[in-house]
Amino acid sequence: MGKIWVGPKALAPPPEDMCGAITGLVDDALVAARQAEYAATRGATGGEVAQKRIGSGNIGTDLMIKILRNGKNLEMGVMVGIDPASDGLARAARMNVATCSEGVEGLIRMPEFQNIDVVFDATSAKAHIHNDKLLREVKPGIKVVDLTPAAIGPYCVPVVNLEQNLHEGNVNMVTCGGQATIPMVAAVSRVAKVHYAEIVASISSKSAGPGTRANIDEFTETTSRAIEVVGGAGRGKAIIVLNPAEPPLLMRDTVYVLSEAANEAEVEASVEEMVAAVNSYVPGYRLKQKVQFDRIPEDQPINVPGLGQFSGLKTSIFLEVEGAAHYLPAYAGNLDIMTSATLGTAERIAESLVN
């Protein structure tokens, strides 16, 4: 089939103690193994959808490695960035992946672009609007998976609503906090009506690069809206905390859900089932402790500013996300859940294109 393009956000550089020689050997071994697997399975699977990626930062590089290592319906096509000296472009070249350092404008001039069917954009909200417009001027039917808070297309959280969005030309992966917490809101929502949901995403300051920091307002707005649209809450609120602790801490997420009165065992079972579903593509995703419940009696309602007074059930969910450390450090679970959710989304889109 065609190719997919992915663009990473600019983030903090990888650890300085990484040995270039060892990295090169690991890259070579990964490429050799992936090429052998691809050659052995291509005939049986009926072909793979190759992928293109614009940007050469940490998110894009991690996504590239995930595709080379774990891709089933995807074939890595091109790494695209704007910094010719970036580690991501250099690593892609070592792994025999085509590269471009002229952004989306350079991408559309490449002969490989003729075969591109799906694109991943992990640049920034502002850049994505420009990129999507330019891509569609050249190829109107192209599929775009948006890793920025731009949200041109519908929000997509794979375990909640991926199947409903396979036909869309542009899907938005919300945010790292959204990918981690919206499944929990949806888990409660499928048991009882959710009046209000509030999430607090705490991430290591080291895992938040310039792109993340520049888009904090968009992060809170996009996540809050997606809690409502995808999670099913009447009102959503999102808070992000950049934790400067050393050594860096793993991503932690707290989810508070206020719903109608419901059976606590049913809610807990729904939450645990959803955690297992997310864990299937983000192995480091887990409950930090048991789900907690607080009954709010009708004669002692709580006040939600802007919404009024409510009684019912308050559900508190505490999560931890550890990264797979394919390219990014293990503490960067916030980035790993984005690339893992993106890979899962891309695989399903590619499967639908192949079929």
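Residues numbered from 1 in each chain as written. Predicted model: local features only at pLDDT ≥ 70, side-chain atom pairs only at ≥ 80, totals over all residues. Heavy atoms only, no water.

As annotated in an unreviewed UniProt entry, the protein is Semialdehyde dehydrogenase NAD-binding domain-containing protein from marine sediment metagenome. The UniProt entry for the protein carries the following text under Sequence similarities (unreviewed entry): "Belongs to the acetaldehyde dehydrogenase family." (UniProt positions renumbered as here; feature names shortened; annotations may be inferred.)

Caption draft 1: View of the nonpolar core. Among the nonpolar cores identified, the biggest contains 78 residues, and Met64, Met184, Val271 and Tyr285 are the most heavily contacted of them. Each of two domains, domain 1 (58-173 + 338-354) and domain 2 (176-329), supplies a minimum of three residues to this core. Counting 13 residues, the second-largest nonpolar core is a separate cluster that includes Val104, Leu107, Phe113 and Ile142. (Core = buried A, V, L, I, M, F, W, Y, C linked by side-chain atoms within 4.5 Å. Buried < 20%, exposed > 50% of the residue type's maximum accessible area, 1.4 Å probe, protein only. Domains from an automatic or database assignment.)

Caption draft 2: Up close: the environment of Arg69. Here Arg69 lies in helix H2 (residues 58-70). For Arg69, a relative accessible area of 35% translates into the label partly exposed. Residues Arg69 and His326 lie 257 residues apart in sequence; the distance between their C-alpha atoms is 9.2 Å. A distance of 3.4 Å separates a polar atom in the side chain of Arg69 from a polar atom in the side chain of His326. (Helix = DSSP H or I, 4+ residues; strand = E, 2+ residues; numbered from the N terminus. Polar contact = N/O pair within 3.5 Å; in protein donor to acceptor, adjacent residues only side chain to side chain.)

Caption draft 3: Structural detail: the environment of Ile216. If you trace the backbone, Ile216 turns up in helix H9 (residues 216-229). Remark: the alpha-carbon pair of Ile216 and Ile239, spanning 23 residues in sequence, is separated by 9.5 Å.

Caption draft 4: Region of the structure containing the pattern of salt bridges. Enumeration over the complete set of coordinates arrives at 17 salt bridges. Lys133 is the salt-bridge partner of Glu137, the closest N and O atoms lying 2.6 Å from each other. Taken together, the positions of Glu137 and Lys133, both in helix H5 (residues 125-138) and four residues apart, correspond to about one turn of that helix. Like Lys133, Glu137 is exposed. Here Arg190 and Glu273 are joined by a salt bridge, their closest N and O atoms 3.8 Å apart. Highlighted residues: Arg190 in the loop between helix H7 (176-189) and strand E8 (194-204) and Glu273 in helix H10 (residues 264-279), separated in sequence by 83 residues. Glu273 gets classed as exposed once you look at its relative accessible area, which sits at 53%. A network of salt bridges, in which partner residues are shared, links Arg252, Arg286, Lys288, Glu320 and Glu322. (Salt bridge = Lys/Arg side-chain N within 4 Å of Asp/Glu carboxyl O.)

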